[in-house]
Structure formats: structure tokens, C-alpha cells
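The chain contents come next:
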Amino acid sequence: MTNKEIAERKFRRASDDASTAKLAVSTPQTESDAYKLAFQDTEFLLREDLRPVRFQLELLKPELLLDEAQIESTFVFYGSARIPHPDQAHVPIEKAQTDYDRKVAERLAEKAKYYDEARKLAYKASKFPMTDDGCRNFVVCSGGGPSIMEAANKGAHEAGALSIGLNIVLPHEQAPNHYVTPELSFQFHYFALRKMHFLLRARALAVFPGGFGTFDEFFETLTLIQTGKMKPIPVLVFGQDFWNRVVNFEALAEEGTVSPEDLDLFHFVETADDAWDIVQTFYEKAGMPGYR
């Protein structure tokens, strides 16, 4: 709907009635929850049988705001929230109380290099030029948290570009990293809707070493591409040694539970340069301009 169409519409705006409703004379009737406008009644919206409406709202709100920001496509980053910043990788090792804790800290420290690679890749993606009509492509999108997610948003910030953070409410306190563009920092209740927004505009995906959440998002993406529910995109998997240690991909094919060609749905990489080269080659072959 254009601004002119909005201005010329005949019905009173919901926002106007919402303001007027606050001025209602206080009576037993107006003080009852039943009298609240439905869209201003938080308790009503949180009822168990309003779940479908909440699903719709979590789908719609980010979609509208991303449209308004003219974000045409995204470069999504998945990865652990536990990988330390390279400058801090030594701290958990020094604080370790047991051999087990020390080994874990050392292994996480080995992965600290991926913080820089995520930052570099996000920087490269964020330098992709806008279209003639002002649309943005390869906008960095992360889970909005620390570690690899922070590195991705930081790379975009260093490039002077917008970036997206898709945070989620968790039992323990969590806040978006401060590199996320505030107007594109979203919070979700439903994991399902958050994961949908990760992929709705995704034109490339970088997967760094991670835990259950990273596995969930990574394998869901592979499943969507494998089953034809989603068009193929470059899926760039950082840390081949890590992934081959925790997942035996070749065994999946040998056991017949996936096809050998399914292992071609993703690419192992170690550096931001290698990852961006794969993205460029993929879209050059697809005939899309703007690369090189």
C-alpha cells in the first residue's frame, strides 16, 4: 500500500483508536480486561489458543522490517557461542582446574582463529554493492550472540554496513552483541520461526564449529536443499578437522542413509578468501552480475 493510498483510506486507523481507548472514563466495565482492544491485550495474546497468531506475528514483524530496509538477500553465519576471541583464548586455559577442563579450553583456543575468519568473511560480504534501486544483498545475518556471531556482525560493522541479529529468549540472560544494527535486532520466542528467517533470504551460509544449535541449523539447511524444499546455495563449512571428528559424513553415504552426491551440498573451507571465492564462482555460473 502506497503512502497516498494510506492517506486516502476511509476507515479510522487502529493506532488512533488505540490512543483514544486509553482516554476511556473509568468504570467497572472499562476497567475489565474484556473491554481492552484485542491487539492491546497482552494477556489475551499470550493465551494458549493464540499460538497461531503469535506464529504469524513472529513471521511477519521481521519480514516487514527487512523489506523496509530493502534487504534483498543475506549471508548467514552459524557457529558456537563458546569459541573465544583470539585475544582471550588463553584465559580459560590458565583458569582450568582439571586436566579435562584444560583440554577443552585448549581445543576451544585452537578454534579462536575462526573468529577472525568469520569477521573477514562478513566484511567481504558486506562490501557487495547495492543494486541501482538501493536493494542490499549478502547482508550479514547471525544469531546475534557472542563469539562467531559477534565476529560476523563486527565484520559488517567494520565495513560500514547493516547487519541482522536473530536473538532468542533463553532461560539465562542473553543480549544481542553490540555490533548488530539496532533496527535489525530481532528477538524470538519460537525457534522454528527464527530458523525460517535465517533462510528466507539466505544467498550463502557459513557454518563454523558449534554445538547442538549449530548442528540443528546446519543439518536442517542440508535437508531442505536435499529434498528440493530450498534452492541450492553455497554452504561453506569451516573447520574440516572438527567436522570430520564429530560427524562421519563418509559413513553416512557408505551406510546408504544419504547419497554420495549429498556430500556435495556443502564445501569445506578454512579461510574467508576460500569461502568468498566459492560464493563468487557459484553465482557467476548462475549468471548473476556484480562479482569480481
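Above this note sits the structure.
As the structure is a computational prediction, the values presented were derived from the model and not from experiment.

**Student:** It is not clear to me how the pairing of strand β1 (residues 74-78) should be interpreted in this structure. Could you clarify?
**Tutor:** A regular strand carries its side chains on alternate faces of the sheet. Burial analysis of β1 places five of its five residues in the buried class, which makes it a mostly covered element. By the alternation rule, side chains of β1 split into Thr-74, Val-76 and Tyr-78 and Phe-75 and Phe-77, which are all buried. Here β1 pairs with strand β2 (residues 139-142) via three bridges, running parallel. Within β2, the position partnered with Val-76 by the bridge is Cys-141. Two elements, β1 and strand β5 (residues 202-207), share five bridges in a ladder whose sense is parallel.

**Student:** Which parts of the structure should I look at to understand the pairing of strand β3 (residues 163-168)?
**Tutor:** Extensive coverage of β3 is indicated by the burial of six of its six residues. For the segment spanning β2, helix α8 (residues 148-158) and β3, crossover handedness is right-handed. Across four bridges, the pairing between β3 and strand β4 (residues 185-188) is parallel. When the sheet's bridge partners are listed, Asn-167 is paired in β4 with Gln-187.

**Student:** Would you mind going over the nonpolar core with me for this structure?
**Tutor:** Across soluble globular proteins, nonpolar side chains have a tendency to be buried as a group. If you look at the biggest cluster of nonpolar residues, it comprises 61 residues, and the most contacted ones within it are Phe-75, Phe-77 and Val-235. At six residues, the largest contribution of residues to this core is made by helix α7 (residues 113-126). Beyond its immediate stretch of four places on either side in the chain, Phe-77 contacts Ala-118, Leu-121, Ala-122, Val-140, Cys-141, Ser-142, Gly-143, Ala-152, Ala-206 and Phe-208.

**Student:** Teacher, can you tell me more about the layout of surface pockets here?
**Tutor:** It is a probe the size of a water molecule, rolled over the atoms, that shows where empty space is left. Quantified by volume, the largest pocket comes out at close to 1,300 Å³. In terms of lining residues, the largest pocket is bounded by 44 residues, among which Ser-80, Ala-81, Arg-82, Gly-210 and Gly-211 are the most central. Looking at the lining of the largest pocket, the elements that each hand over two or more residues are β1, α6 (99-110), α7, β3, α9 (191-200), α10 (212-226) and α11 (240-246). A total of six residues in the lining of the largest pocket trace back to one element, the largest contributor, which is α10. For the second largest pocket, the calculated volume is near 230 Å³.

**Student:** What's the story with a nonpolar patch on the surface in this structure? I'm lost.
**Tutor:** The grouping of Leu-59, Met-196 and Leu-200 at the surface amounts to a nonpolar patch, some 250 Å² of accessible area in total. With respect to the helices, strands and loops of the structure, Leu-200 is situated in helix α9. Judged by its relative accessible area of 46%, Leu-200 falls in the partly exposed class.

**Student:** Looking at this structure, how should I read the packing of α7 against α8?
**Tutor:** The relative placement of two packed helices is expressed as an angle between their axes plus a distance between the axes. Relative to each other, α7 and α8 sit at 40°, their axes nearing to 7 Å. Every pair of crossing elements has a handedness; the one defined by α7 and α8 is right-handed. Contacts between α7 and α8 involve Tyr-114, Tyr-115, Ala-118, Arg-119, Ala-122, Tyr-123 and Ser-126 from the former and Ile-148, Glu-150, Ala-151, Ala-152, Lys-154, Gly-155, Ala-156 and Glu-158 from the latter.

**Student:** Explain the packing of aromatic side chains here, please?
**Tutor:** Any two aromatic rings considered together are summarised by their centre-to-centre distance and by the angle between their planes. Under the definition given, this model contains 23 aromatic pairs. Summarising the aromatic geometry, the rings of Phe-55 and Tyr-190 are spaced 4.3 Å apart at their centres and angled 45° between planes, so their arrangement reads as tilted. In this pair, Phe-55 sits in helix α4 (residues 51-68) while Tyr-190 sits in the loop between β4 and α9, placing the two residues 135 residues apart along the sequence. When its relative accessible area of 32% is taken as the criterion, Phe-55 is described as partly exposed. With a relative accessible area of 9%, Tyr-190 lands in the buried category. Look at Phe-266 and Phe-268: their rings are 5.5 Å apart centre to centre, the planes differ by 85°, and that puts the pair in the edge-to-face class. The class for Phe-268 is partly exposed, based on a relative accessible area of 28%. An aromatic cluster is defined as three or more aromatic residues linked by ring pairs; in this entry it consists of Phe-75, Phe-77, Tyr-114, Phe-128, Phe-138, Phe-208, Phe-238, Trp-276, Phe-282 and Tyr-283. The ring centre of Phe-138 lies 5.8 Å from the NZ or CZ of Arg-203, which sits over that ring. It is Arg-203 that lies over the ring of Tyr-283; its NZ or CZ is 5.8 Å from the centre.

**Student:** Quick question: what am I supposed to make of the sheet that holds β3 here?
**Tutor:** What the seven strands build is an open sheet, ordered β4-β3-β2-β1-β5-β6-β7; its pairing is parallel. At either end of the open sheet lies a strand with only one pairing partner, and these are β4 and β7 (267-269). Taking the axes of each pair of neighbouring strands and ignoring which way they run, one obtains an average angle of 25° across the sheet. One ladder, built from three bridges, connects β2 with β3; its direction is parallel. When the bridges of β3 are listed, Val-140 appears paired with Ser-163. Lying over the sheet, α4 contacts β3 and β4, oriented at roughly 175° with respect to β4. Along the sheet, α7 contacts β1, β2, β5 and β6 (235-238); its crossing angle with β1, the most-contacted strand, is approximately 175°.

**Student:** Please explain the pattern of salt bridges as it appears in this structure.
**Tutor:** Pairing is possible between side chains that carry opposite charge, provided their charged atoms lie close to one another. Using the criterion set out here, one finds 14 salt bridges in the structure. For Arg-194, the salt bridge is made with Glu-217, and the minimal N-O distance between the two is 3.5 Å. In this pair, Arg-194 is assigned in helix α9 and Glu-217 in helix α10, connecting sequence segments 23 residues apart. An identical accessibility class is assigned to Arg-194 and Glu-217; each is buried. Within this structure, Glu-63, Asp-67 and Arg-201 form a network of salt bridges that share partners.

Scoring rules and cut-offs
Residues numbered from 1 in each chain as written. Predicted model: local features only at pLDDT ≥ 70, side-chain atom pairs only at ≥ 80, totals over all residues. Heavy atoms only, no water. Buried < 20%, exposed > 50% of the residue type's maximum accessible area, 1.4 Å probe, protein only. Helix = DSSP H or I, 4+ residues; strand = E, 2+ residues; numbered from the N terminus. Pairing = 2+ DSSP bridges. Right-handed = clockwise from strand over helix to strand, strands pointing away. Core = buried A, V, L, I, M, F, W, Y, C linked by side-chain atoms within 4.5 Å. Contact = heavy atoms within 4.5 Å. 1 Å grid on protein atoms, 1.4 Å probe; cavity = no way out; pocket = protein on both sides within 12 Å on 5 of 7 lines; lining within 4 Å. Points joined across faces, edges and corners; volume = space filled by probe spheres on them. Patch = residues over 30% accessible without salt bridge, like charges linked within 9 Å, V, L, I, M, F, W, Y side chains within 5 Å. Areas by Shrake-Rupley, 256 points an atom, 1.4 Å probe, with all protein chains shown as cover. Salt bridge = Lys/Arg side-chain N within 4 Å of Asp/Glu carboxyl O. Axes fitted to C-alpha atoms, helices over the stretch in contact; angles between N-to-C directions. Left-handed = near helix turned anticlockwise from the far one by under 90°. Phe/Tyr/Trp six-rings, centres within 6.5 Å; stacked < 30°, edge-to-face > 60°. Lys NZ or Arg CZ within 6 Å of the ring centre and 35° of its normal.

The values reported here are purely geometric and, on their own, carry no functional implication.
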